[in-house]
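Descriptive structure summary
Below are the chains, spelled out letter by letter.
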Amino acid sequence: MTVESTAARTPRRAGTGSGAKRTSAGAKKSAGAKKSASAEKATGPGTQPELVQLLTPEGERVENPAYDKYVADVTPEDLRALYRDMVMTRRFDAEAVTLQRQGELGLWPSLLGQEAAQVGSGRATRDDDYVFPTYREHGVAWCRGVDPTLLLGMFRGVNHGGWDPNSNNFHLYTIVIGSQTLHATGYAMGVAKDDADSAVVAYLGDGATSQGDVAEAFTFAAVYNAPVVFFCQNNQWAISEPTEKQSRVPLYQRAQGYGFPGVRVDGNDVLACLAVSKWALERARTGEGPSLVEAFTYRMGAHTTSDDPTRYRRDEEREAWEAKDPIKRLRAYLEAGGHADEAFFAELDAESETLGKRVRDVVRSMPDPEPMSIFENIYADGHALVDEERADFAAYQASFADAPADAVTGGEVK
Amino acid sequence: MAVKKLPVAKAINESLRTALEADPKVLVMGEDVGKLGGVFRVTDGLQKDFGEDRVIDTPLAESGIVGTAIGLALRGYRPVVEIQFDGFVFPAYDQIVTQLAKMHARSLGKVKVPVVIRIPYGGGIGAVEHHSESPEALFAHVAGLKVVSPSNSSDAYWMLQQAIQSDDPVIYFEPKRRYWEKGEVNTESIPDPLHGASVVREGTDATLVAYGPMVRTCLEAAAAAAEEGKSLEVVDLRSVSPIDFDTVQASVEKTGRLIVVHEAPVFFGSGAEIAARVTERCFYHLEAPVLRVGGFHSPYPPARVEEDYLPGLDRVLDAVDRSLAY
Ligand SMILES: Cc1ncc(C[n+]2csc(CCOP(=O)(O)OP(=O)(O)O)c2C)c(N)n1
């Protein structure tokens, strides 16, 4: 696998900070720059795009002159924390899949395989940043401190969101593909107007890049120099359609046409995802505007629990990606460097079991909404028709209750 | 064999197959319609048999799907596009309303845009948000579009054939919760006209008008009412734009009472139009005001309360009682 940086390709300030580091890996860097220049001309399906990688699939640390500095301060403790995030997220996701199979959830979009992309980018954000997810960002939610059990309500069918987006600056899941990229851009425009130095991250899938909304988000973000990072997890599939059915050029290259940089990062390498996200967030914070990060990864499971991937993809493909597993990769690195011992892994196993049990318990005891809740929160200022329908429906419900004996409810419904 | 027993989804599949075979200009387009056969398998096997040029997996872009279908229609093709779920038609709504609906008129009738837009719609399948909506009134309100919704396998088969043959754009709403219900399809019979309503159960005390998923609910309500000695007539509207008011009027003149049932919110819904027209046409025959049963003025609720939101037997029969009480 080629390990080259795209940082040199696009002129920008953030990527060219430290002269010393650049010269130390100068040969490699200029080779990379040459290669990407030719790749730029050959924008076609045959293009072999470059990939930012810091950890190989075998768990070996590779140097990357452009991005190393963004993870230079990562301590062994931080590495263990990243590992923990990925393990806990995977455990949570597995529990949700099981709960769906048991009929406790109506549907579940699994993130299996995408833990590094989500944890790497999620951990790069600051508390005052704002995140606009799709419907699969369980790992990002985890990093933002959202109680994972809150993510389950909408998939159980008890609400359409279920958390306060402002408690963790983590917006509600968006099911309509691509819509949230515009919200993120607008939010970022607001951040810029307020002269704040926080950043905004919009998550999207490879399929979403086809939507008009996403093209419009890119346009607005570029024109208004909005502090937004478009974090695209290219998991290779949009339900049954491969990325080639969405784009004839590598996705990260699209950014160029809008006038901001795009970078492809190994989406199964948590360290590289962290570094590239930090780079992109720093750009946003320092007034350099939007960027597109394409995390090149793989959806190991089905699109959702109602999907049957055997109809459109071969097992060998999944097996090839299994070798690049994000969790195994970091574990190998931790073990080889002596950064984590058996006790750490054992403790984490126990902790993830506890999470699994808590998720099971919470879901099973999640009550169905009251029928009258249909009329709640439709308007902030109220609406006469809703009041009328609420009253009619209450009377209708009451008509069943007092049919056998008035005494049961007294015929009173609020 | 001309007569087959098929679930609604399979009847649509057979209909598409027949149309693709009959006319090389017919195309099927949409997200996941090819290899996967659609998320409901409605287009299952079509790409295998007709190739990727005729059964087209499109990029994930509804405005793109409808906009390019318009262009293909202008070039002489007859695209049948699939919108994966009701709530995802809105990115394409601009193309449908501002372009598709108006092109024939703007060209002084010189240009035809025979595009069919298939939309699985309605609730009752326990889905997450945007997967259970009934936006038919939003389309019926727009001049230049025709809007239909079959309720059974035979209509599903025939109405799609007719929609594809129509030179007008047709929004073809498929009652997704009825996809798996079987019914007889005679592929050699002469079908009813696309925009005609049909009386699917005769009765004398009150008329229930419905279309799509609610027809079956109304038939069940009529059967339950019969046990209480009430005789309900059920009219399957089949077409929401235009509406066959003659058939509705004839029924109301017979029964004197009308209840319109649909899943969509009642407020500004198709029931409002029917109530107003019937009042104009049958004022002296009506024994009671026209009543409507449908969804509330609320977002379609989470799955665990959808049974309270959706009109069921009880809510239909409650309206019948109220009508009969006048
Ligand atoms: C506007 C819209 N059209 C269709 C759908 C149905 N749908 C849900 S997910 C999906 C595929 C999304 O693929 P991608 O953007 O690559 O994200 P991924 O699910 O792979 O994470 C589709 C077509 C939708 N939710 N919204």
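Residues numbered from 1 in each chain as written. Chains lettered and ligands numbered in written order. Predicted model: local features only at pLDDT ≥ 70, side-chain atom pairs only at ≥ 80, totals over all residues. Heavy atoms only, no water.

Another point: the overall build of chain B. A tally of regular secondary structure across chain B gives twelve helices and 14 strands. In terms of C-alpha radius of gyration, chain B reaches 19 Å, essentially the compact-globule figure of 20 Å for 326 residues. Of all 326 residues assigned to chain B, the portion counted as buried reaches 60%. Contacts spanning at least 24 positions in sequence make up 81% of the contacts within chain B whose residues lie at least 6 apart. When the accessible area of chain B is evaluated, it comes to approximately 12,400 Å², of which 52% is carbon and sulfur surface. Of the side chains in chain B, 33 bear a positive and 45 a negative charge, and the two mean positions are spaced by 4 Å. (Helix = DSSP H or I, 4+ residues; strand = E, 2+ residues; numbered from the N terminus. Rg over C-alpha atoms; globule rule 2.2 N^0.38 Å. Buried < 20%, exposed > 50% of the residue type's maximum accessible area, 1.4 Å probe, protein only. Contact = heavy atoms within 4.5 Å. Areas by Shrake-Rupley, 256 points an atom, 1.4 Å probe, with all protein chains shown as cover. Lys, Arg positive; Asp, Glu negative; His and termini not counted. Charge placed at Lys NZ, Arg CZ, Asp CG, Glu CD.)

A word on the site of the ligand. Around the ligand, the surrounding shell holds 20 residues, and the nearest of these are A:Tyr135, A:Arg136, A:Ile175, A:Gly207 and B:Glu62. With respect to the ligand, the chains having nearby residues are chains A and B. Within the backbone of A:Ile177, an N or O atom sits 3.1 Å from a nitrogen atom of the ligand. At 2.8 Å from an oxygen atom of the ligand is found a main-chain nitrogen or oxygen belonging to A:Gly207. Expressed as a share of its isolated accessible area of 580 Å², the protein-covered part of the ligand is 95%. Of all the cavities here, the one that holds the ligand is the largest pocket. In terms of residue class, the shell around the ligand is built from ten nonpolar, six polar and four charged. (Near = heavy atom within 4 Å. Polar contact = N/O pair within 3.5 Å; in protein donor to acceptor, adjacent residues only side chain to side chain. 1 Å grid on protein atoms, 1.4 Å probe; cavity = no way out; pocket = protein on both sides within 12 Å on 5 of 7 lines; lining within 4 Å. Sits in = over half its atoms within 2 Å of the grid points. Nonpolar A, V, L, I, M, F, W, Y, C, P; charged D, E, K, R; others polar.)

Next up on the list: the interface of chain A and chain B. A common measure of how large an interface is: the accessible area buried when the components associate. The interface is formed by 43 residues belonging to chain A together with 38 residues belonging to chain B. Between chain A and chain B, roughly 3,400 Å² of surface is buried when both sides are summed, and carbon and sulfur atoms account for 61% of that area. Broken down residue by residue, the surface that chain A buries against chain B is led by A:His160, A:Arg311 and A:Ile374, which jointly contribute 20%. Across the chain A-chain B interface, the total number found is three salt bridges. Split by residue class, the side of chain A that touches chain B holds 22 nonpolar, eleven polar and ten charged. (Buried area = accessible area lost by both parts, 1.4 Å probe. Salt bridge = Lys/Arg side-chain N within 4 Å of Asp/Glu carboxyl O.)

Residue and element names in this part refer to chain A. With respect to the secondary-structure elements, Val293 resides in strand E7 (residues 291-296). Note on Val293: relative accessible area 0%, which makes it buried. C-alpha separation for the pair Val293 and Ala380, spaced 87 residues apart in sequence, amounts to 37 Å. In contact with Val293, other than residues within four places in its own chain, are Val229, Phe230, Phe231, Cys232, Val263, Val265, Val276 and Ala280.

In this section: unusual backbone geometry. Of note, the amide linkage connecting B:Ser241 to B:Pro242 takes the cis form, showing an omega dihedral of 0°. Tracing the backbone shows B:Pro242 in the loop between strand E12 (239-241) and helix H9 (245-255). Look at A:Asn169: it is not a glycine, yet its phi comes out positive at around 50°. Following the sequence through the fold, A:Asn169 ends up in the loop between helix H6 (153-156) and helix H7 (179-193). Accessibility expressed as a relative area gives 16% for A:Asn169, which makes it buried. Positive phi, close to 60°, is recorded for B:Phe268, a residue that is not glycine.

A few words now on helix H4 (residues 115-124) of chain A. Of all ten residues in H4(A), nine are buried; the element is thus mostly enclosed. Those residues of H4(A) not exposed but buried are A:Glu115, A:Ala116, A:Ala117, A:Gln118, A:Val119, A:Gly120, A:Ser121, A:Gly122 and A:Ala124.

Residues and elements named next belong to chain A. In total, this model carries two cavities of 30 Å³ or more according to the counting rule given. Its boundaries defined by the atoms lining it, the second largest cavity holds a volume of some 30 Å³. Surrounding the second largest cavity, Ser121, Thr125, Val201, Val229, Phe231, Ser277 and Leu281 form its lining. Every element with two or more residues in the lining of the second largest cavity is listed here: strand E3 (228-234) and helix H10 (270-285). (Points joined across faces, edges and corners; volume = space filled by probe spheres on them.)

Bringing the layout of surface pockets into the picture now. There is about 1,000 Å³ of room inside the largest pocket. If you trace the largest pocket, you find 49 residues lining it, with A:Ile239, A:His303, A:Thr304, B:Phe85 and B:His131 closest to the centre. Those elements that place two or more of their residues in the lining of the largest pocket are strand E2 (200-205) and strand E4 (237-238) of chain A. Of the residues belonging to the lining of the largest pocket, the class tally is 22 nonpolar, 18 polar and nine charged.

With that settled, consider the packing of helix H3 (residues 62-74) of chain B against helix H4 (residues 90-100) of chain B. Residues and elements named next belong to chain B. Direction vectors running N to C along H3 and H4 enclose 25°, while the axes themselves pass 6 Å from each other. Our classification of the angle between H3 and H4 gives roughly parallel. Every residue of H4 that contacts H3 at Glu62, Ser63, Val66, Gly67 and Ile70 is listed here: Pro91, Ala92, Gln95, Ile96, Gln99 and Leu100. (Axes fitted to C-alpha atoms, helices over the stretch in contact; angles between N-to-C directions. Parallel < 35°, antiparallel > 145°, perpendicular 65-115°, else oblique.)

Our next topic: the nonpolar core. Grouped together as the largest cluster of nonpolar side chains are 151 residues, with contacts concentrated most on A:Leu330, B:Ile96 and B:Ile117. It is H10(A) that contributes the most residues to this core, eleven residues altogether. Those residues in contact with B:Ile96, other than ones at most four positions away along the chain, are B:Val66, B:Val89, B:Ala101, B:Ile117, B:Phe139, B:Leu145 and B:Ile171. Counting 21 residues, the second largest nonpolar core, distinct from the first, contains A:Tyr130, A:Ala184, A:Leu204 and A:Val228. (Core = buried A, V, L, I, M, F, W, Y, C linked by side-chain atoms within 4.5 Å.)

All names here are of chain A. Residue placement: Ser121 occurs in helix H4. On the accessibility criterion, Ser121 (3% relative accessible area) is buried. Polar contacts involving the side chain of Ser121 include one to the side chain of Tyr203, which spans 2.6 Å. Setting aside residues no more than four positions away along its own chain, Ser121 makes contact with Ala116, Tyr203, Phe231, Cys273 and Ser277.

The next thing to look at is the packing of H9(B) against helix H10 (residues 270-282) of chain B. Residues and elements named next belong to chain B. Their axes nearest at 10 Å, the elements H9 and H10 cross at an angle of 60°. Here H9 runs over H10; the crossing is right-handed. Touching Phe245, Asp246, Val248, Gln249 and Val252 of H9 are Glu273, Ile274, Arg277, Val278, Arg281 and Cys282, all from H10. Classifying every residue of the contact of H9 with H10 gives six nonpolar, one polar and four charged. (Left-handed = near helix turned anticlockwise from the far one by under 90°.)

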